[in-house]
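# Inside the fold
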Amino acid sequence: MKTISFVRNMIYTGDLILVNRDYPYRGESSYKALMPIDSVNVKVLLARHVVSIYNNLINKLKAQNRITVVSGWRSQKEQEEIFNESLMKHGKNFTSKYVALPGHSEHQTGLALDLALNQPDIDFLRPCFPNTGVCASFRKKADRFGFIERYPEGKEDITGIAYEPWHFRYVGFPHSIIMKQTGDTLEEYHARIRQYLYGRSFLKYDFGSFRTEISYLPADKEVVRFLMDEDTPYTVSGNNMDGFVITVWRAGR
Ligand SMILES: [Zn+2]
């Protein structure tokens, strides 16, 4: 066994952070951690690891010219501009449904992207990403690559955002697959994981010859310490609320 330590502030970083009306984004995306999504959309930036995973998925679908990224990372200033412009053009009702308050947008994390079917006259705020053709194929495979549809239909009360079939969020594997299977939004997934306290129990997910064990570790001190088996791969993400999600990867089932 070895002891791992994390400072509490790390709860605001990682692929599983929950950013919504209740929990603002507290991290700071630096330009160093971001890169252009592809050579066509050089102004659309995303977290580096998300860029390569997204492009793997697009290559697999041979969708380079058929799907385009409308919006990726946004600075606080850009989110303010988009919010204010939407207020002026479309009013308060529309804006509160489709545009997150500045500071509360997933786009500020570099982990979220808005997609559109590549065609003339793309609507920036509500791009067309139908459930047919190449867009349906993208949706079908997205969870295998760590992406979720973040604002599904029927979950508006939970997410606080209207149905947005074009908005995808990277949360990483195997969380994306579990969320698709259970139908959990990110809010519900965190509530689920919270029931599995690290060191006592875990949510198990098997695939191939691997077994993952997912659990929650509260960050109740300035420095949080926990024990981990030697030579065992694991990933940690903050939840942006009050703790960490720890995923342990074990070989053999
Ligand atoms: Zn979006």
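Residues numbered from 1 in each chain as written. Predicted model: local features only at pLDDT ≥ 70, side-chain atom pairs only at ≥ 80, totals over all residues.

With that settled, consider the overall build of the protein chain. Secondary structure assignment for the protein chain yields six helices and 12 strands. By the compact-globule yardstick of 18 Å for 253 residues, the protein chain fits well, its C-alpha radius of gyration being 18 Å. Along the first, second and third principal axes, the C-alpha set of the protein chain runs to 55 × 35 × 35 Å. Put simply, the protein chain has 253 residues, and 36% of those count as buried. In the protein chain, once contacts between residues fewer than 6 apart in sequence are set aside, the share between residues at least 24 apart is 66%. (Helix = DSSP H or I, 4+ residues; strand = E, 2+ residues; numbered from the N terminus. Rg over C-alpha atoms; globule rule 2.2 N^0.38 Å. Buried ≥ 20, exposed ≤ 12 C-beta atoms within 10 Å, placed from the backbone. Contact = placed C-beta atoms within 7 Å.)

What follows covers the domain arrangement of the protein chain. Each domain of the protein chain was delimited in the assignment, giving domain 1 (1-16 + 184-253) and domain 2 (26-170). Placing the centre of domain 1 and that of domain 2 at their C-alpha centroids yields a distance of 26 Å. Contacts between the two partners involve eight residues from domain 1, matched on the other side by nine residues from domain 2. Residue composition of the side of domain 1 that touches domain 2, by class: two nonpolar, three polar and three charged. (Domains from an automatic or database assignment. Nonpolar A, V, L, I, M, F, W, Y, C, P; charged D, E, K, R; others polar.)

Let us look at the sheet that holds strand E7 (residues 167-170). Taking strand neighbours across the sheet as the criterion, the four strands line up as E4-E5-E7-E6 in an open arrangement whose pairing is antiparallel. This sheet does not close on itself; its edge strands, each paired only once, are strand E4 (67-71) and strand E6 (147-149). Neighbour to neighbour, the strand axes of the sheet diverge by 40° on average, direction disregarded. (Pairing = 2+ DSSP bridges. Axes fitted to C-alpha atoms, helices over the stretch in contact; angles between N-to-C directions.)

Here the amide bond leading from Phe-173 into Pro-174 is cis, since omega sits at 5°, within 30 degrees of zero. Relative to the helices and strands, Pro-174 is located in the loop between E7 and helix H5 (175-182). Unusually for a residue other than glycine, Lys-62 sits at a positive phi of about 50°. Here Lys-62 shows up in the loop between helix H1 (48-61) and E4. Phi at Asn-240 takes a positive value of approximately 70°, unusual for a residue other than glycine. Among the secondary structure elements, Asn-240 is positioned in the loop between strand E11 (234-238) and strand E12 (243-251).

Here the focus is the sheet that holds E11. Pairing is antiparallel across the open sheet formed by four strands, whose spatial order is E8-E9-E12-E11. At either end of the open sheet lies a strand with only one pairing partner, and these are strand E8 (203-207) and E11. Across this sheet, the average inter-strand angle for adjacent strands is 20°, counted without regard to direction. Both strand E9 (residues 210-218) and E12 contribute to a ladder of nine bridges, which runs antiparallel. Opposite Tyr-216, over in E12, you have Val-245 as the bridge partner.

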